Amino acid sequence: MDKVTLQRIEKLHPFVREEVKQIIKECDEALTGRAKIRITQGLRSFEEQERLYAIGRITNGKKVTNAKAGQSIHNYGLAVDMCLIIDGKTASWDTAKDWDNDGVADWYECVKIFAKHGWDWGGNWKTFKDLPHFEKKNFPSKKGLVKTTWRALAKLKMDDENYVVF
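Residues numbered from 1 in each chain as written. Predicted model: local features only at pLDDT ≥ 70, side-chain atom pairs only at ≥ 80, totals over all residues. Heavy atoms only, no water.

(A) A look at the layout of surface pockets. Reported here for the largest pocket is a volume of approximately 820 Å³. Residue assignment for the lining of the largest pocket shows that the elements contributing at least two residues are helix H3 (46–54), strand S2 (79–86), strand S4 (119–121), strand S5 (133–136) and helix H5 (150–154). Here the lining of the largest pocket is built from residues that sort into 11 nonpolar, 12 polar and 11 charged. Lining the second largest pocket are Phe139, Pro140, Ser141, Lys142, Lys143, Val146, Ala152, Leu156, Lys157, Val165 and Phe166. With three residues, strand S6 (residues 138–141) is the largest single contributor of residues to the lining of the second largest pocket. (1 Å grid on protein atoms, 1.4 Å probe; cavity = no way out; pocket = protein on both sides within 12 Å on 5 of 7 lines; lining within 4 Å. Points joined across faces, edges and corners; volume = space filled by probe spheres on them. Helix = DSSP H or I, 4+ residues; strand = E, 2+ residues; numbered from the N terminus. Nonpolar A, V, L, I, M, F, W, Y, C, P; charged D, E, K, R; others polar.)

See below:
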């Protein structure tokens, strides 16, 4: 796991930090070839979310998100975006390449590992597919597990470090 990935994991919600470390470890072990995982985005501030939402609407460029501030699971530290780092230096978002020549695209090896740990993949979304995106499916509450939606998260109290309290 590289330093950048570790730094981004440490900013995620405490509820998922160790689990994400385990997922990355499993992905890196499964990718026995030239590719390793890098977290490219984790916790995102509301201000950063607004800047991203403006792209393709207020500022030039192709739309990158349909989520306004508070409407992204990233805003709660319960989502990550990833890429593959090839040979320790080149970022790749190629979902078809099989860098370790085991007959399975490296990207999909990681998709399966995230799913095994209870994470939804943005590549499964019906509209606005987001291939680098993974988010925790459920969070714990007094009533049991609750589906992770921005509407549910927005209703929760925040602690002193601005993480939602489950």
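On we go from here.
(B) Broad picture of the packing of aromatic side chains. Counted by the stated rule, this structure contains six aromatic pairs. Relative to Phe166, the ring of Phe15 has its centre 5.1 Å away and its plane inclined at 65 degrees; by these criteria the two rings are edge-to-face. In this pair, Phe15 is assigned in helix H2 (residues 14–30) and Phe166 in the segment after H5, connecting sequence segments 151 residues apart. Residue Phe166 is classed as partly exposed on the basis of its relative accessible area, which comes to 32%. A ring pair is formed by Phe114 and Trp119, whose centres lie 5.9 Å apart and whose planes are at 75 degrees; its orientation type is edge-to-face. The exposure class of Phe114 is buried, given its relative accessible area of 0%. Here Trp119 falls in the buried class, since its relative accessible area comes to 2%. Among the aromatic side chains, those forming a connected cluster through ring pairs are Phe15, Phe139 and Phe166. (Phe/Tyr/Trp six-rings, centres within 6.5 Å; stacked < 30°, edge-to-face > 60°. Buried < 20%, exposed > 50% of the residue type's maximum accessible area, 1.4 Å probe, protein only.)

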